[in-house]
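Architecture at a glance
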Amino acid sequence: MTYSSSSEARLNQHDLAAYLDAHLLGAKAGIRFFDSAVGSLEGTGQEDRLRHIKDEVVAARRELKVLFNRCGYRRSAAKRVSGLLGALAGKLNPLNPLRTRGHAGAQLELETLQSMLRGQECLWRTLQLLAEHEPRLDRERLAQLEKQVQRQLGTVAEIMDSTAEARFLQ
């Protein structure tokens, strides 16, 4: 595959639709992980901070869905089924099944959240690069979303750092 940075290159709408659809699916899974992590931190000073980020992730997913629809794309049937299966699996939460905060599972939840947020950061950055070729992409708004995710990453890292000793030291 050849990559072109020419301003006259045409955007592959099929690939962009698949990419955005995959991120919609991933964001849905991320929201479930945030719900679980918030539950693991229930009653701590960190619960509200993580809940706020989860609310922002929900809003960003909604914004991505609006963009997806505005571009005239349709969700993949296979990804919709995957989403339903993922929702069922997410209820089991293999990382922290008991949702305990003093457990290695809570650490893994926070690490997973950071990975998911990194994926979202890459999404917004990629879309900014494609905005030159797609007028329905608002580069300025995408830059704001990227900055928001960078702040969220910092907050989740702070939460992880400030709670790690309580999980692992006896």
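Sequence order as written defines the numbering, with residues in each chain counted from 1. Whole-chain, interface and lining totals are the exception, using all residues; otherwise, since this is a predicted model, local features are given only for residues with pLDDT of at least 70 and side-chain atom pairs are given and counted only at 80 or more. Note that water and hydrogens are dropped before the side-chain values are worked out from all heavy atoms of the structure.

1. Some details on the overall build of the protein chain
How we decide: Only DSSP runs of H or I reaching four residues or more are called helices, and only runs of E reaching two or more are called strands; each is numbered from the N terminus. Throughout, exposure labels follow a simple rule: accessible area from a 1.4 Å probe, protein chains only, divided by the maximum for the residue type, with under 20% read as buried, over 50% as exposed, and the rest as partly exposed. Should any heavy atoms of two residues lie within 4.5 Å, those residues are counted as being in contact. Accessible areas in this description were obtained via Shrake-Rupley with a 1.4 Å probe; residue shielding takes into account the shown protein chains only.
Broken down by element type, the protein chain carries five helices and zero strands. For the protein chain, the sequential pattern of α-helices and β-strands runs α-α-α-α-α. In the protein chain, which comprises 170 residues, the proportion classed as buried is 38%. A separation threshold of at least 6 residues defines the contact pool for the protein chain, and within that pool the share at least 24 residues apart is 77%. Surface exposure of the protein chain reaches about 9900 Å², of which carbon and sulfur atoms provide 55%.

2. A short note on helix 5 (residues 139-168)
We count it as follows: To estimate the expected span of a helix, subtract one from its residue number and multiply by 1.5 Å. The term polar contact refers here to a pair of N or O atoms within 3.5 Å; inside protein, the definition further demands a hydrogen-donor-capable atom paired with an acceptor-capable atom, and it admits residues adjacent in sequence only when both atoms are side-chain atoms.
Between its first and last C-alpha, helix 5 extends 43 Å over 30 residues, near the 44 Å set by a 1.5 Å rise per residue. Near the N-terminus of helix 5, the side chain that reaches the backbone nitrogen of E140, with its oxygen 3.1 Å away, is that of D138.

3. Regarding the nonpolar core
How we decide: In plain words, nonpolar cores are sets of buried Ala, Val, Leu, Ile, Met, Phe, Trp, Tyr and Cys residues tied together by side-chain atoms within 4.5 Å.
Core analysis: the biggest nonpolar cluster contains 35 residues, and L20, L50, W124 and L127 have the highest contact counts within it. Breaking this core down by element, the ones donating at least two residues are helix 1 (13-40), helix 2 (47-70), helix 4 (104-130) and helix 5. Apart from the residues lying within four places of it in its own chain, the contact partners of L127 are L16, L20, L67, L137 and L142.

4. Quick word on the pattern of salt bridges
Basically, it comes down to this: Salt bridge, as used here, is a side-chain nitrogen of Lys or Arg placed within 4 Å of a carboxyl oxygen of Asp or Glu.
Taken as a whole and assessed by the stated rule, the structure comprises ten salt bridges. The salt bridge involving R141 is made with E63; its shortest N-O contact spans 2.6 Å. Residue R141 is located in helix 5, and its partner E63 is located in helix 2; the two are separated by 78 residues in the primary sequence. Close ionic contact of E134 with R136 constitutes a salt bridge, the shortest N to O distance being 2.7 Å. What emerges from the salt-bridge pattern is a single network uniting R118, E121, R125 and E146.

5. Overview of the packing of helix 4 against helix 5
What counts is decided by this rule: Note on definitions: angles span 0 to 180 degrees between N-to-C directions of axes, and those axes are lines fitted to C-alpha atoms, for helices only across the stretch in contact. Any angle that is under 35 degrees is reported as roughly parallel, and any over 145 degrees as roughly antiparallel; angles of 65 to 115 degrees are reported as roughly perpendicular and all others as oblique. Each crossing gets its hand from how the near helix is turned against the far one by less than a right angle, where anticlockwise is left-handed and clockwise is right-handed. Only Asp, Glu, Lys and Arg are considered charged in this grouping, and only Ala, Val, Leu, Ile, Met, Phe, Trp, Tyr, Cys and Pro are considered nonpolar; every other residue, Gly among them, is considered polar.
Relative to each other, helix 4 and helix 5 sit at 165°, their axes nearing to 9 Å. With respect to each other, helix 4 and helix 5 are oriented roughly antiparallel. By crossing handedness, the relation of helix 4 to helix 5 is classed as left-handed. Looking at the contact of helix 4 with helix 5, its residues break down into 18 nonpolar, seven polar and seven charged.

6. Some words on the packing of aromatic side chains
When we look at a pair of aromatic rings, we describe it by the centre distance and by the angle of the planes. Defined as follows: Here a Phe, Tyr or Trp ring, Trp counted by its six-membered ring, pairs with any other such ring whose centre lies within 6.5 Å, and the pair is stacked when the planes are under 30 degrees apart, edge-to-face when over 60, and tilted otherwise.
Here the structure, examined in full by the defined rule, presents one aromatic pair. Judged by centre distance (5.5 Å) and plane angle (65°), the rings of F68 and Y73 are edge-to-face. Residue classification places F68 among the buried positions, given a relative accessible area of 0%.

7. Some words on the environment of G30
Within the fold, G30 resides in helix 1. On the basis of relative accessibility, which here comes to 5%, the residue G30 falls in the buried class. Sequence separation between G30 and V58 is 28 residues, and the spatial gap between their C-alpha atoms is 9.2 Å. In contact with G30, not counting residues within four places along its chain, are L113 and M116.

8. Examining the confidence of the model for the protein chain
Cut-off, in case you're wondering: Known as pLDDT, the predictor's confidence for each residue is given on a scale from 0 to 100.
Of all residues in the protein chain, 79% have pLDDT values of 70 or greater, and the mean over the chain is 85. Per-element averaging of pLDDT across the protein chain places helix 3 (residues 77-92) at the bottom with 53 and helix 2 at the top with 96.

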